[in-house]
Amino acid sequence: MTTGQIRSFAPEDTSRVMEIWLSASEKAHDFIPMEYWRSTAPLVEKEILPRARTKVFVREGRVEGFLSLIEGDHIGALFVAPESQGQGIGRALLEDCKRGKELLTLAVYRENQGAVGFYQSQGFSVLEEHTDKATGQRESLMCWRP
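Residues numbered from 1 in each chain as written. Predicted model: local features only at pLDDT ≥ 70, side-chain atom pairs only at ≥ 80, totals over all residues. Heavy atoms only, no water.

Engineer: Quick one: what's the story with the overall build of the protein, residue by residue and with numbers?
Structural biologist: Broken down by element type, the protein carries 4 helices and 7 strands. The order of α-helices and β-strands along the protein, N terminus first, is β-α-α-β-β-β-α-β-α-β-β. For 146 residues, the compact-globule formula gives about 15 Å, and the C-alpha radius of gyration of the protein, at 14 Å, lands near that figure. Taken along its principal axes, the extent of the C-alpha atoms in the protein is 40 × 35 × 30 Å. Sorting the 146 residues of the protein into buried and exposed places 47% on the buried side. (Helix = DSSP H or I, 4+ residues; strand = E, 2+ residues; numbered from the N terminus. Rg over C-alpha atoms; globule rule 2.2 N^0.38 Å. Buried < 20%, exposed > 50% of the residue type's maximum accessible area, 1.4 Å probe, protein only.)

Shown next, in the form of structure tokens:
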């Protein structure tokens, strides 16, 4: 497990969180045109992020990853800076999120097999699949219960 601190998102984290979101989205979703992510960034920054309950993972004063909950029990985002992936940051954020929860859901692109496998290893299972209208990609709705 990597050493670091998980704390609540603060407005001054916005620039770094958006940098992580864009770079990690482009890396994990190379089957979706980069322009989609770039054009979606303002919506995420101005509308979605302010409404979400977000926690950040900080190591040596730098945000390395974040998890955003929407509507209480839906994980809208879990992203780790590409250079910090594979170090337990995503797992630490997810474990923190699970505390006190009876249910968590999330949606993940089926083609993103790395993420699907990660969530399955953390106890999530696929509830249903559908096509994401914005991208035309197949998406799995996943669920976790303690």
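Engineer: Could you give me a rundown of the side chain of glutamate 139, with the residues and numbers involved?
Structural biologist: Within the secondary structure layout, glutamate 139 lies in strand E7 (residues 138–144). Although buried, glutamate 139 forms no salt bridge, and the nearest oppositely charged side chain, arginine 138, lies 9.1 Å from it. (Lys, Arg positive; Asp, Glu negative; His and termini not counted. Salt bridge = Lys/Arg side-chain N within 4 Å of Asp/Glu carboxyl O.)

Engineer: Break down the layout of surface pockets for me, citing the residues and quoting the values.
Structural biologist: Here the largest pocket is characterised by a volume of approximately 1200 Å³. In this structure, the largest pocket is lined by 46 residues; those nearest its centre are His29, Gly76, Ala77, Leu78 and Phe79. The set of elements that each furnish at least two residues to the lining of the largest pocket consists of helix H1 (14–28), helix H2 (34–51), strand E3 (62–70), strand E4 (74–80), helix H3 (89–98), strand E5 (104–109) and helix H4 (113–121). When the residues that make up the lining of the largest pocket are grouped by side-chain class, the tally is 28 nonpolar, 14 polar and 4 charged. (1 Å grid on protein atoms, 1.4 Å probe; cavity = no way out; pocket = protein on both sides within 12 Å on 5 of 7 lines; lining within 4 Å. Points joined across faces, edges and corners; volume = space filled by probe spheres on them. Nonpolar A, V, L, I, M, F, W, Y, C, P; charged D, E, K, R; others polar.)

Engineer: Describe the sheet that holds strand E2 (residues 53–59), with residues and values.
Structural biologist: As summarised here, the arrangement of the 7 strands in space is E1-E2-E3-E4-E5-E7-E6, forming an open sheet in which the pairing is mixed. Every interior strand has two partners, whereas the edge strands, strand E1 (5–8) and strand E6 (125–131), have only one. Pairs of neighbouring strands in the sheet enclose a mean axial angle of 30 degrees, with direction left out of account. Across 6 bridges, E6 lies against E7 in antiparallel orientation. Counted as the bridge partner of histidine 130 is glutamate 139 from E7. Against the sheet, H4 makes contact with E4, E5, E6 and E7, and its axis sits at roughly 160 degrees relative to E5, the strand it touches most. (Pairing = 2+ DSSP bridges. Axes fitted to C-alpha atoms, helices over the stretch in contact; angles between N-to-C directions. Contact = heavy atoms within 4.5 Å.)

Engineer: Before we move on, could you go through the pairing of E4 and cite the residues and values that matter?
Structural biologist: Consecutive side chains along a regular strand alternate between the two faces of the sheet. For E4, the tally of buried residues reaches 5 of 7 residues, placing the bulk of the element in the interior. Adjacent in sequence and paired antiparallel, E3 and E4 are bridged by 3 residues, among which glutamate 71 carries a positive phi angle near 55 degrees. Pairing of E4 with E5, which is carried by 2 bridges, proceeds in the parallel orientation. Of the residues in E5, the one forming a bridge with isoleucine 75 is leucine 106. Crossover handedness for the path E4 to H3 to E5: right-handed. (Right-handed = clockwise from strand over helix to strand, strands pointing away.)

Engineer: Could you give me a rundown of the state of the cysteines, with the residues and numbers involved?
Structural biologist: Counted by the stated rule, this structure contains 0 disulfides. Cysteine 143 forms no disulfide, and the closest cysteine sulfur to it belongs to cysteine 97, at a distance of 13 Å. A relative accessible area of 8% places cysteine 143 in the buried class. (Disulfide = S-S within 2.5 Å.)

Fair warning: the whole summary comes from geometry, so function is off the table for now.
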